[in-house]
Amino acid sequence: MRIILKEDFEKFVNSLIKDESLSVIGVKSKGNKFAFGHLDSASELRLDYDVTILPPKKYFFPQRETLVTYNVANGFAAKDSSDLKPTVILGVHPYDIVALLHMDEIFRETKSDPYYFEKRKASIIIGVNIQNMSERCFAPQMGCAIIDHGYDLMLTDLGNRYAINIGSQKGEQLLDKYAKNVTDALARDVQMVGQKKQEIMNMSQLKFNFPTELIPEMLNKTYDQSGFWEKHSEKCLACGSCVLVCPTCYCFDVKDDPHLSLEHGERVRTWDGCLLEDFAKIASGENFRPTRPTRYRHRYFKKGKYLFDRFGFVSCVGCGRCSSNCLPDIANPVNLFNDMYSEVLNMGVVIDAPAEPEVNIKSEGDINYVPKLATIINKVPMTANEMLFEIKLDDGSTLNQVPGQFIQVSVFGVGEAPISVSSSPTKKGAFQLCVRKIGNVTTRLHMLNVGDKVGIRGPFGHGFDTEFLKGKDLLFVAGGLGIAPLRSLFNYVLDNRADYGRVTLLYGCKEPRELLFGDEMVALEKRDDVEYKPTVDWCPENELWTGNIGVITTLIPQVNFDPESTYAIVVGPPIMYKFVIADLKKRNVPDDHIILSLERRMKCGVGKCGHCQINQIYVCRDGPVFNYSKIKGVPEAL
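To start, this report covers the structure provided alongside it.

## Some details on the overall build of the protein chain
- The secondary structure content of the protein chain amounts to 17 helices and 29 strands.
- Its C-alpha atoms give the protein chain a radius of gyration of 28 Å, near enough to 26 Å, the size a compact globule of 638 residues would have.
- The principal-axis extents of the C-alpha atoms in the protein chain amount to approximately 90 × 65 × 40 Å.
- Buried residues in the protein chain amount to 55% of all 638 residues.
- Contacts in the protein chain between residues far apart in sequence, at least 24 positions, make up 74% of those at least 6 positions apart.
- With an accessible surface of roughly 27,100 Å², the protein chain has 48% of that area assigned to carbon and sulfur atoms.
- Each charge sign in the protein chain was given a centre, from 76 positive and 80 negative side chains, and these centres are 2 Å apart.

## Overview of the pairing of strand 12 (residues 252–258)
- In terms of strand pairing, strand 12 meets strand 13 (residues 264–271) through 7 bridges, oriented antiparallel. For Val254, the partnering residue across the bridge sits in strand 13 and is Arg269.
- Linking strand 12 back to strand 13 in an antiparallel pair, the connection comprises 5 residues, with Leu262 at a positive phi of about 65°.

## Some points on the pairing of strand 10 (residues 161–166)
- With 5 of 6 residues buried, strand 10 lies mostly within the body of the structure.
- Pairing of strand 9 (residues 153–157) with strand 10 involves 5 bridges; the strand directions are antiparallel. Bridge pairing in strand 10 places Met154 opposite Asn165.
- Hairpin connection of strand 9 to strand 10: 3 residues between the antiparallel strands, including Gly159 at a positive phi of 95°.

## Description of helix 1 (residues 6–18)
- Spanning 13 residues, helix 1 covers 18 Å between terminal C-alpha atoms, matching the ideal 18 Å at 1.5 Å per step.
- For helix 1, the set of buried residues is Asp8, Phe9, Phe12, Val13 and Leu16. Seen end-on, helix 1 carries its buried residues on one side only, within an arc spanning 145°. Every exposed residue of helix 1 that faces more than 90 degrees away from the buried side is listed here: Lys11 and Lys18.

## Some words on the pattern of salt bridges
- By the definition in use, this model includes 44 salt bridges.
- We note a salt bridge from Asp256 to Arg267, for which the minimum N-O separation is 2.6 Å. With a gap of 11 residues between them, Asp256 in strand 12 and Arg267 in strand 13 connect regions that are remote in the sequence.
- Given the relative accessible area of 12%, Asp256 is considered buried.

## Structural notes on unusual backbone geometry
- Residue Pro459 follows Gly458 across a cis peptide bond; omega there is 10°.
- The residue after Gly623, namely Pro624, is reached through a cis peptide bond having omega 5°.
- Here Pro624 is to be found in the loop between helix 16 (619–622) and strand 29 (625–627).
- Backbone geometry at Ala238 places phi at a positive 55°, although glycine is not the residue there.
- Within the secondary structure layout, Ala238 lies in the loop between helix 7 (226–233) and helix 8 (241–244).

## Focus on the packing of aromatic side chains
- Using the criterion set out here, one finds 30 aromatic pairs in the structure.
- Ring centres of Phe34 and Tyr49 lie 6.2 Å apart, and the angle between their planes is 50°; this geometry places the pair in the tilted category. Placement of Phe34 in strand 3 (residues 33–38) and of Tyr49 in the loop between strand 3 and strand 4 (64–71) is noted, with a sequence separation of 15 residues between them.
- Tyr49 gets classed as buried once you look at its relative accessible area, which sits at 0%.
- Both rings, one in Phe228 and one in Trp229, keep their centres 5.1 Å apart while their planes meet at 90°; by these two values the pair is edge-to-face. Trp229 matches Phe228 in its accessibility class, with the two residues each being buried.
- What links up through ring pairs into an aromatic cluster is the set Phe138, Phe208, Phe210, Tyr223, Phe228, Trp229, Tyr296, Tyr300, Phe301, Tyr306, Phe337 and Tyr341.
- Residue placement shows Lys57 over the ring face of Trp271; its charged tip is 4.7 Å from the ring centre.
- Positioned over the ring face of Phe468 is Lys472, at 4.4 Å from the centre of the ring.

## Considerations on the environment of Leu388
- Among the secondary structure elements, Leu388 is positioned in strand 16 (residues 386–393).
- Among residues more than four places away in sequence, those in contact with Leu388 are Asn378, Lys379, Val380, Met382, Gln432, Leu433, Cys434 and Phe517.

## Observations concerning helix 4 (residues 169–178)
- Every buried residue of helix 4 is listed here: Gly171, Leu174, Leu175 and Tyr178. The arc enclosing the buried residues of helix 4, seen along the axis, measures out at 95°, which places them on a common side. Facing away from the buried side of helix 4 by more than 90 degrees, the exposed set consists of Gln169, Asp176 and Lys177.
- Elements that come into contact with the buried residues of helix 4 comprise strand 1 (2–5), helix 1, strand 6 (87–92), strand 8 (123–128), strand 9 and strand 10.
- Measuring from the side-chain oxygen of the N-cap residue of helix 4 to the backbone nitrogen of Lys170 gives 3.4 Å; that N-cap residue is Ser168.

## So, the sheet that holds strand 12
- Pairing within the open sheet is antiparallel, and its 4 strands lie in the order 5-4-13-12. The two strands at the open ends of the sheet, each matched to only one other strand, are strand 5 (75–78) and strand 12. Across the sheet, the mean angle from the axis of one strand to that of its neighbour is 30°, orientation sign disregarded.
- Two strands pair when backbone bridges link them, and strand 4 and strand 5 are joined in this way by 4 bridges, in the antiparallel orientation. Each bridged residue has a counterpart across the sheet, and for Thr69 the counterpart in strand 5 is Ala77.

## Looking at the nonpolar core
- Counting 178 residues, the largest nonpolar core has Phe9, Phe12, Phe337, Phe476, Leu505, Val570 and Leu584 as the members making the most contacts within it.
- Beyond its immediate sequence surroundings of up to four residues, Phe476 is in contact with Leu486, Leu489, Phe490, Val493, Val503, Thr504, Leu505, Leu506 and Ile569.
- Judged by nonpolar contacts, the second largest core, of 21 residues, contains Ala417, Phe431, Leu445 and Val454.

Criteria and cut-off values
Residues numbered from 1 in each chain as written. Predicted model: local features only at pLDDT ≥ 70, side-chain atom pairs only at ≥ 80, totals over all residues. Heavy atoms only, no water. Helix = DSSP H or I, 4+ residues; strand = E, 2+ residues; numbered from the N terminus. Rg over C-alpha atoms; globule rule 2.2 N^0.38 Å. Buried < 20%, exposed > 50% of the residue type's maximum accessible area, 1.4 Å probe, protein only. Contact = heavy atoms within 4.5 Å. Areas by Shrake-Rupley, 256 points an atom, 1.4 Å probe, with all protein chains shown as cover. Lys, Arg positive; Asp, Glu negative; His and termini not counted. Charge placed at Lys NZ, Arg CZ, Asp CG, Glu CD. Pairing = 2+ DSSP bridges. Expected span 1.5 Å × (residues − 1). Arc of directions from axis to C-beta. Salt bridge = Lys/Arg side-chain N within 4 Å of Asp/Glu carboxyl O. Phe/Tyr/Trp six-rings, centres within 6.5 Å; stacked < 30°, edge-to-face > 60°. Lys NZ or Arg CZ within 6 Å of the ring centre and 35° of its normal. Polar contact = N/O pair within 3.5 Å; in protein donor to acceptor, adjacent residues only side chain to side chain. Axes fitted to C-alpha atoms, helices over the stretch in contact; angles between N-to-C directions. Core = buried A, V, L, I, M, F, W, Y, C linked by side-chain atoms within 4.5 Å.

These values are about where atoms sit, not about what they do.
Right under this line is the structure:
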């Protein structure tokens with residue numbers, strides 16, 4: 001521990017500011033509030049603040065950040081980070097440092113986010129122990145009011161001087177280079193710092209009525225208590241203020257921002273929030289979290305249960321920003337959890353602290369946000385709304401997809417959309433996408449011509465396990481556009497027909513003119529190694545249809561199969577699944593013999609943005625193909 005007089009500390013800060021190779025950030029007053037901002041003088045620095053409006057995460061995960069630049073003539077490129085300066089951030093409270101440590105784990109998992117970590121590596125965190133605590137702060141109860149790691153330097157106000165704890169070699173070098181008259185701490189200084197920390201632990205006006213270790217299990221017991229969540233969310237305005245000021249929220253959206261010339265532009269990442277009404281809405285219009293109570297509940301479960309199960313920590317640091325910024329004043333976690341504790345007691349449920357989850361964080365390299373350039377080499381209209389595109393990567397590489405995986409398709413100046421690959425990996429040289437015209441990206445994609453360029457990222461997610469399915473009887477059940485992702489596996493099986501047992505395809509759509517891959521379906525009727533049964537919900541009087549009329553489930557009683565040796569692969573609109581599964585169960589098909597591909601709003605492809613999250617599952621990372629036995633009973637999944 002070191003000691004520096006306050007006048008010498010001010011000189012230290014001014015020395016940092018004068019060094020033009022550094023970007024120096026500190027807490028400044030903003031009216032009667034406080035905010036992090038660039039310092040022009042040490043006199044602006046306020047280390048006696050209670051809480052800042054926004055957390056310092058905004059310097060590592062900005063509200064608006066360029067991910068990719070593009071030029072219609074030259075394609076996509078990573079943003080230029082050559083002007084990134086080392087950044088010194090002064091005055092970070094311990095709870096915000098803990099929040100950054102949480103963000104580190106989140107942005108490192110699966111694939112590491114290079115834009116976040118390049119800024120983290122270029123930063124120097126100078127923390128300060130709390131002098132004045134916000135009335136909404138409950139960091140002591142969350143164990144985040146005092147810390148012994150995560151910083152480069154940590155200050156404690158001792159009256160006319162600061163005690164400095166050195167947390168890293170980087171911090172020590174900064175102190176040695178820019179600070180003067182720094183001395184070693186005396187025993188009384190160390191004792192005073194200990195007393196200050198004890199005072200901090202007793203500052204909070206908010207108290208939990210239970211040990212905070214119970215939070216994950218309490219949440220687990222109250223998921224289905226709809227009355228509880230309706231009561232607490234009744235006044236929610238769905239404005240998202242609580243999540244947009246949170247130091248551990250990391251959900252984001254990705255949009256294209258074209259130049260007025262439309263010849264170039266950039267792809268930007270912006271903060272998003274799970275409390276916003278359209279956050280979980282997919283392209284077809286279905287919303288998997290359509291009500292305020294479900295969105296309100298998701299916020300608490302994500303912080304207190306889902307992230308705990310994945311990382312071993314409750315991702316609330318007790319800063320109190322959420323409740324400070326909530327207009328109807330319903331976002332205070334202490335009030336909610338105390339009420340939840342009473343609810344659990346009234347239910348007569350005994351709760352114990354959950355066992356520590358087994359955490360095994362793995363990172364498989366960096367996320368690549370830059371799409372590969374590709375060319376449309378063929379375009380075939382299939383219906384009034386569906387088009388089959390054949391696409392080839394310009395660098396000559398192969399997509400190497402597994403049947404059932406998806407890719408992110410970019411259209412210059414419009415954006416990026418997840419689309420399942422329709423062709424089998426046995427098709428070499430190019431791949432196919434069956435695209436429904438339903439959103440901005442897909443509508444613009446339909447307008448492109450052969451020879452036009454698009455961007456491709458991926459493939460992403462887990463596909464169908466073709467090796468495991470070898471030797472099995474396969475029952476394919478496709479509804480509407482579900483035939484497109486299912487076709488990738490179906491054609492793979494046909495191209496390796498000897499490796500698989502009996503093959504049956506049940507395919508349904510609304511009416512005959514919506515039938516996709518018509519020529520291929522006609523060809524199936526002539527094969528003796530495939531059983532094919534089509535159906536339509538209804539048939540207009542002026543159309544010819546000789547097949548079945550009725551929903552897809554009317555076909556299931558028409559086929560004979562052994563449930564013990566048959567695996568059902570089901571892909572279709574979300575509403576179809578529960579009915580198909582129910583009918584398969586009537587035929588005694590085991591849960592683990594049912595394989596599904598789920599549709600969600602997948603923006604990033606690597607389990608970061610949060611849009612495709614189903615409770616603790618990220619569809620883009622853990623799916624989109626799931627075994628029914630693994631997601632049976634998971635709320636929001638089906």
